[in-house]
Amino acid sequence: MDAVYTAPGYLFRRMQQIAVAIFVEECKAYDLTPVQYASLVSIRTHPGIDATRLSAVIAFDRSTLGSVIERLEAKAYIERKPSPGDKRTKLLYLTKSGAALLRDIIPSVERAQARILQPLKPADRKTLMALLTQLVDLNNEASRVPLRAEDALEHLGKSG
């Protein structure tokens, strides 16, 4: 099993499982997943973004993002409004309760992020983050959903 347990892909998958578990535990009072959180932050940052552009901004599969948006709308954290230019396109906006949730959840999210790295020495945390950032950037095109934030935001007439 060493061939599995020492493989980078296996270790990244396990760390992602651990990171999600820690996030969910720290944020359990808010009943929010990491993808829902990222979506809310992006919608707050880019009011009026559509689902396709949101998918590009957070690098999340567009077909799965639809159910994330539906859950956020059902919880009254976001609202969808028709685009003035194309009534078929729905634009996403944070509601007052969504904005309040983001304000309230920040300490829990920060605790989760700190817990993920806590077992490492401070210098190792910095090194790990630099290396992860480099790996993600250099391998972006290999992703099923490459990060396309700049391209998506360009269409909004806004900068990232």
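Analysis parameters
- Residues numbered from 1 in each chain as written.
- Predicted model: local features only at pLDDT ≥ 70, side-chain atom pairs only at ≥ 80, totals over all residues.
- Heavy atoms only, no water.
- Salt bridge = Lys/Arg side-chain N within 4 Å of Asp/Glu carboxyl O.
- Buried < 20%, exposed > 50% of the residue type's maximum accessible area, 1.4 Å probe, protein only.
- Helix = DSSP H or I, 4+ residues; strand = E, 2+ residues; numbered from the N terminus.

(A) How the structure looks around the pattern of salt bridges. Inspection of every chain in the model, using the stated rule, returns 9 salt bridges. Residue Arg80 pairs with Glu73 through a salt bridge whose shortest N-O separation is 2.7 Å. With a relative accessible area of 33%, Arg80 lands in the partly exposed category. The salt bridge involving Glu79 is made with Lys81; its shortest N-O contact spans 3.6 Å. Judged by its relative accessible area of 38%, Lys81 falls in the partly exposed class.

(B) Representation of unusual backbone geometry. Positive phi, normally seen in glycine, also occurs at Ala59, with a value near 55 degrees. You can see Ala59 is positioned in the loop between α4 (51–58) and α5 (62–74). Backbone geometry places Ala76, a non-glycine residue, at a positive phi of 65 degrees. Inspection of the secondary structure puts Ala76 in the loop between α5 and β2 (78–82). Under the relative-accessibility criterion, Ala76 is labelled partly exposed at 38%.

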